[in-house]
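Here is how the chains run, residue by residue.
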Amino acid sequence: MKVTFAVLDEQIASSRLRAKIPQAELKKLGIEQGRDVLIYGKSVVTIEQVRRFKHSIYDVCDDHYDQPELMDYYRKHTAEADAVTCNSEVMRERIKQVTGRDAVVIKEPYESDELKPSIGAFLLWFGHRSNLVDLDRIAPKLKHPILALSNHPDCVEWTEQSFRKAIGSECIVIIPTGKSLAKSENRMVESIRNGKYVCAEHLPSYEPFAQFFPLGDIPAQIDWALGNPTEALAQISKAQSYIKQIYSPEQIGRDWLRVLNDNFDKR
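Residues numbered from 1 in each chain as written. Predicted model: local features only at pLDDT ≥ 70, side-chain atom pairs only at ≥ 80, totals over all residues. Heavy atoms only, no water.

> Got a minute to help me understand helix 4 (residues 89-99) in this structure?
Residues that lie three or four places apart on an α-helix share one face, since the helix turns once every 3.6 residues. Among the residues of helix 4, those classed as buried are Met91, Arg94 and Ile95. All buried residues of helix 4 fall inside an arc of 100 degrees around its axis, so they share one side. Of the surrounding secondary structure, the elements contacted by the buried residues of helix 4 are strand 3 (55-60), helix 3 (71-80) and strand 4 (83-86). (Buried < 20%, exposed > 50% of the residue type's maximum accessible area, 1.4 Å probe, protein only. Helix = DSSP H or I, 4+ residues; strand = E, 2+ residues; numbered from the N terminus. Arc of directions from axis to C-beta. Contact = heavy atoms within 4.5 Å.)

What follows is the structure, encoded as structure tokens:
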């Protein structure tokens, strides 16, 4: 069995975490790239392109099932794929509700080497420009300097270099959340991996991390972390231990291999 992940744009986190990294991990497990199975997401790949492969897996990371411009694409590709995967339990439930398909949840791996925990009175936000509205909502309540990394012209451009420089500084990562409850925990995981205390609002996928970083009131959590640095650093270390195995690229590669073996001929 030969498998190809559609890597759309490496500036987009989902392309790296749900395509580039899994492709590399499957190769380590003996799965070469080829035209037996196509694994793809978003709304760029056409049905004609999908049909050049023997089988397909549609990987859903965004709830666009009711969005006028994208709903037809998402519903058609979900219906026609041989198997469906997704990024969160809420998304799995949404897919079942809308399409009747049973999807498999596959988590997203961390990308970074583990860094020593650190903290400072500097706030970092990173994400797609579509999420900037949530940062704008909370920014007036925050007392410390904020650096926003994104693909929006009003922000510092997200690049691998700019992200590494920012996340390597003594800072706190902030993650205000919006209307979509189906998003994955990838920003939380990546921040922890880089040794950062995370102040986030609620998402279902963030709930396991509430044991380390209480969810909800971001300004209050920033004040607590800066006022209790020893305890905050200890919480980061505990969170790093928690994610080490669950979100490793090796484990995510095995999760993808399980889906392939469960759905397709292993030859």
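> Even after reading the chapter, I still don't get the packing of aromatic side chains, so can you show me in this structure?
For any pair of aromatic rings, the description rests on two quantities: the centre-to-centre distance and the angle between the ring planes. Tallied over the full model, the rule gives 14 aromatic pairs. Geometrically, the ring pair formed by Phe212 and Tyr242 is tilted, given 5.6 Å between the ring centres and 50 degrees between the ring planes. Residue Phe212 is located in the loop between strand 10 (197-200) and helix 8 (218-227), and its partner Tyr242 is located in helix 9 (residues 229-246); the two are separated by 30 residues in the primary sequence. For Phe212, a relative accessible area of 8% gives the class buried. On the basis of relative accessible area, Tyr242 is assigned to the partly exposed category, the value being 28%. Following the ring pairs from residue to residue traces out a cluster consisting of Tyr197, Phe209, Phe212, Phe213, Trp224, Tyr242 and Tyr247. Geometry around Phe53 places Arg35 over its ring, the cationic atom sitting 5.0 Å from the centre. The ring of Tyr110 carries the charged tip of Arg193 above its face, separated from the ring centre by 3.8 Å. (Phe/Tyr/Trp six-rings, centres within 6.5 Å; stacked < 30°, edge-to-face > 60°. Lys NZ or Arg CZ within 6 Å of the ring centre and 35° of its normal.)

Note that all results are geometric; they support no functional claim without further evidence.
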